[in-house]
Amino acid sequence: MAKQDKHETKYASALRRHAEELVDIGSGTLQNVPPERILNVLHELRVHQIELEMQNEELRRAQGELEESRSKYVDLYDFAPIGYITLGQNGSIIEANLAAAELLEIERRYLIRRAFSSLVSPDFRGVFILHRKQVSQTLTPQACELKLLKKGVEPFYAHLRSIAVQDSTGTPVQIRMAISDITERKQAEEAQQKSERKYRQLIETLHEGIWVIDRNSSITFVNPRLAEMFGYTVEEMQGKHLFSFMDEQGIETARNMERLRRGIKEQHELAFVRKDGSRIHVIMETSPMMDERGVYAGALAGVQDITERKQTERIKDEFIGMVSHEIKTPLTVIIGSLSVAGMEGIPAEQSRELIRNAGLYAEALAGIVENLLELSRHQSDRLALQSERTEIATMTREVIGKLQTKSAVHHLTIDIPPDIPAVTVDRIRMERVLHNLVENAIKYSPKGGEVKVFARHEEAQLVIGVSDKGMGISPEDQIRLFQPFERIAAYENDTIAGLGLGLRVCRILVEAHGGRIWLESEKGKGSTFFFTVPIEGEVGKVSN
């Protein structure tokens, strides 16, 4: 293009010289000029005239296209869906499109020469000042989010993307900004954040444990309840592999992920290992999470601690086994004794002994059943006491009389002063308390010795005690002795009969009367069980 322009310039200069020569000649005479030269110069002038006309036509066409392009640019600028604003060096608006005026609800003519910062919400003016500074210093596109003011309504969220315009020396002289209304997006984000906070709070306060694993079974989220179940902190569990908390059976179950990978929910009863090494039994209901292509991406699991339930089931199974054994033993003796006693030829004395033996085991069976009934009444809140004035000494003699035949190696004694006052109690339940305590004293001092029942008057209550000369009870056993189905560890595996209910029933009945029960014991020196009874008590239905 530069070479072409240079050629055209030389051509025009030469043509001008020819024309000047013709003018000089014309001022004299043409007779001395050869006709060929005149014709040649005229031809060249004519060609140049045509070229000029063509150039003028091209210029007019280019000018038309330029005007049309400018008109399109103005239309695109004015009717663009986002606002465009140009700021001068002092931060005032020097140009704005219709969309910007519509966004700000200000006529365009009133925007010109107005400081843009006056349209920024006061809380965000610092953000805008920093944004403008970054644009001018970096000379690269910058973006920010802020609130702009709108006449008569709440400020709206806007996204600004700005770039500096430089002069020929590279100095920034203007800032061009594109402005988008992002209020709906921000409201959606705030609503989403609020929803996430709500559901996170819900998940974190659930009584059920929640965890999320990725496709590799690594834990990406646990709620505080799950961490508490396992004895860890949330931070300690996140990022660990699921197998880190499972026993071998659980790992084997979890390895089979095929159903989860097919998008099928599963429920498993598994055992995990707590941080302290103890086992926790759970029901884990797992829901698979699939990505946008339908490929398995992980799982969400709800975890419910059923350790207590499993322990209860174990206790129930053991209880059924113990009850079956404890009932079967006296029943076998009763049936056997009565069968033999009824045979022909059995001496009368032997028959009477067999019948007496059957009676003793029948009483033992009745005691087991009565203890079970008392425990059941207490647990179902149906324990009702019937009060009557009762002489403790008389009641004690009757209980001792029934138990005297239980052992030939024990000496049962009573030490109750004659001036001990009568008490208002449920006589049958007090007999059950004494019966259980004396029977235990006999059973758990197998080498014999004295079993003594005593009482003393202390202020507004009687203190009644049962002492033995047995092996004593360790502090560890004393802690759990009044719980149901608990027996002294030293005798759990020997031949001493019992369900471990007697002392639990004693505690229930004593507390139902407004008293308390405790023991004093030392290994190798025997034990003494104490309980108190108010002298003037009011008894009736007692809640669990």
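Residues numbered from 1 in each chain as written. Predicted model: local features only at pLDDT ≥ 70, side-chain atom pairs only at ≥ 80, totals over all residues. Heavy atoms only, no water.

Here we look at the overall build of the chain
Here is step 1: Helices and strands together make up the secondary structure of the chain, namely 16 helices and 17 strands.
Here is step 2: By residue count, 38% of the 544 residues in the chain fall in the buried class.
Here is step 3: If you take every contact in the chain between residues at least 6 apart in sequence, the share linking residues at least 24 apart comes to 56%.
Here is step 4: When the accessible surface of the chain is totalled, it reaches about 32600 Å², and 52% of it is carbon and sulfur. (Helix = DSSP H or I, 4+ residues; strand = E, 2+ residues; numbered from the N terminus. Buried < 20%, exposed > 50% of the residue type's maximum accessible area, 1.4 Å probe, protein only. Contact = heavy atoms within 4.5 Å. Areas by Shrake-Rupley, 256 points an atom, 1.4 Å probe, with all protein chains shown as cover.)

Notes on helix H16 (residues 502-512)
Here is step 1: Across the 11 residues that make up H16, a large majority, 9, are buried.
Here is step 2: Those residues of H16 that fall on the buried side of the exposure criterion are Gly502, Leu503, Arg504, Val505, Cys506, Ile508, Leu509, Val510 and Ala512.

Section: helix H5 (residues 125-138)
Here is step 1: In a regular helix each residue adds 1.5 Å, so 14 residues correspond to 20 Å; H5 covers 20 Å between its end C-alpha atoms and thus fits that length.
Here is step 2: All buried positions along H5 are accounted for by Phe128, His131 and Val135. Projected down its long axis, H5 carries its buried residues within an arc of 60°, all on one side. More than 90 degrees from the buried face of H5, the exposed residues found are Gly126, Ile129 and Gln137.
Here is step 3: For H5, the secondary structure elements touched by its buried residues are strand S1 (83-87), strand S3 (142-150), strand S4 (153-166) and strand S5 (172-181). (Expected span 1.5 Å × (residues − 1). Arc of directions from axis to C-beta.)

Things to note about the sheet that holds strand S10 (residues 296-305)
Here is step 1: With antiparallel pairing, 5 strands are arranged side by side in an open sheet as S7-S6-S10-S9-S8. Edge positions in the sheet fall to strand S7 (219-222) and strand S8 (266-273), since each of these pairs with one other strand and no more. This sheet shows a mean twist of 30° between the axes of neighbouring strands, independent of strand direction.
Here is step 2: Across 8 bridges, the pairing between S8 and strand S9 (residues 279-290) is antiparallel. If you follow Val273 over to S9, its bridge partner there is Arg279. (Pairing = 2+ DSSP bridges. Axes fitted to C-alpha atoms, helices over the stretch in contact; angles between N-to-C directions.)

Details of the pattern of salt bridges
A side chain with one charge can pair with a side chain of the opposite charge if their charged atoms come near.
Here is step 1: Taken as a whole and judged by the stated rule, the model has 20 salt bridges.
Here is step 2: Between Asp305 and Arg274 there is a salt bridge, with its nearest N and O atoms 4.0 Å apart. On the criterion of sequence distance, the pair formed by Asp305 in strand S10 and Arg274 in the loop between S8 and S9 is long-range, its members being 31 residues apart.
Here is step 3: By relative accessible area, Asp305 is classed as partly exposed at 29%. (Salt bridge = Lys/Arg side-chain N within 4 Å of Asp/Glu carboxyl O.)

Description of the confidence of the model for the chain
When pLDDT drops low, the exact placement of atoms in the prediction is not to be read closely.
Here is step 1: Per-residue pLDDT for the chain averages 81, and the proportion of residues at 70 or more is 83%.
Here is step 2: pLDDT under 50 marks residues 489-495. Its contacts with residues more than four places away, or in other chains, come to 8 contacts.
Here is step 3: For residues 538-544, every residue scores under 50 in pLDDT, and the model assigns this stretch 20 contacts once sequence neighbours within four places are set aside. (pLDDT = per-residue confidence, 0-100.)

Details of the nonpolar core
Here is step 1: Grouped together as the largest cluster of nonpolar side chains are 41 residues, with contacts concentrated most on Leu437 and Phe531.
Here is step 2: When residues of this core are traced back to their parent elements, those giving at least two are helix H13 (392-403), strand S13 (423-425), helix H14 (427-443), strand S14 (449-458), strand S15 (461-467), H16, strand S16 (517-521) and strand S17 (527-534).
Here is step 3: With near-sequence residues (within four places) excluded, Phe531 lies in contact with Met430, Val433, Leu434, Leu437, Leu462, Val463, Ile464, Val510, Arg516, Ile517 and Trp518.
Here is step 4: Listed in part, the 28 residues of the second largest apolar core include Ala96, Ile106, Leu119 and Leu148. (Core = buried A, V, L, I, M, F, W, Y, C linked by side-chain atoms within 4.5 Å.)

So, the packing of H14 against H16
Here is step 1: Running from N to C, H14 and H16 cross one another at 150°; their axes reach a closest spacing of 9 Å. For the element pair H14 and H16, the recorded crossing hand is left-handed. Between H14 and H16, the residues in contact are Arg429, Arg432, Val433, Asn436, Leu437 and Asn440 and Gly502, Leu503, Val505, Cys506, Leu509 and Val510, respectively.
Here is step 2: Partitioning the contact of H14 with H16 into residue classes produces 7 nonpolar, 3 polar and 2 charged. (Left-handed = near helix turned anticlockwise from the far one by under 90°. Nonpolar A, V, L, I, M, F, W, Y, C, P; charged D, E, K, R; others polar.)

Concerning the environment of Asn223
Here is step 1: On the secondary structure map, Asn223 appears in the loop between S7 and helix H7 (224-230).
Here is step 2: Take Asn223: its relative accessible area is 0%, and that puts it in the buried class.
Here is step 3: Sequence separation of Asn223 and Arg200 is 23 residues, and the distance between their C-alpha atoms is 8.7 Å.
Here is step 4: Within polar-contact distance, the side chain of Asn223 engages the backbone nitrogen of Leu226 at 3.1 Å. (Polar contact = N/O pair within 3.5 Å; in protein donor to acceptor, adjacent residues only side chain to side chain.)

Some thoughts on the sheet that holds S4
Here is step 1: Spatially, 5 strands are ordered S2-S1-S5-S4-S3 in an open sheet, and the strand pairing comes out antiparallel. Sheet topology places strand S2 (93-96) and S3 at the edges, where each strand pairs with a single neighbour. The sheet shows a mean angle of 30° between the axes of neighbouring strands, direction not considered.
Here is step 2: In this structure, S1 lies alongside S5, joined through 5 bridges in antiparallel fashion. Following the sheet pairing, Tyr84 is matched in S5 by Ala178.
Here is step 3: Most of the contacts of H5 go to S3, to which it runs at about 145°, and overall it touches S1, S3, S4 and S5.

Quick notes on the packing of aromatic side chains
Here is step 1: The final tally for this structure, using the stated rule, is 9 aromatic pairs.
Here is step 2: Seen from their ring centres, Phe230 and Phe245 are 6.1 Å apart, and the 85° between their planes marks the pair as edge-to-face. Of this pair, Phe230 sits in helix H7 while Phe245 sits in the loop between helix H8 (234-237) and helix H9 (248-255); the two residues are 15 residues apart in sequence, bridging distant segments of the chain.
Here is step 3: Here Phe230 falls in the buried class, since its relative accessible area comes to 0%.
Here is step 4: Site record: aromatic cluster; members linked through ring pairs are Trp211, Phe230, Tyr232, Phe245 and Phe272.
Here is step 5: Taking the ring centre of Phe156 as reference, the NZ or CZ of Lys150 above it sits at 4.7 Å.
Here is step 6: Directly above the ring of Tyr157 sits Lys186, whose terminal nitrogen or CZ lies 5.1 Å from the centroid. (Phe/Tyr/Trp six-rings, centres within 6.5 Å; stacked < 30°, edge-to-face > 60°. Lys NZ or Arg CZ within 6 Å of the ring centre and 35° of its normal.)

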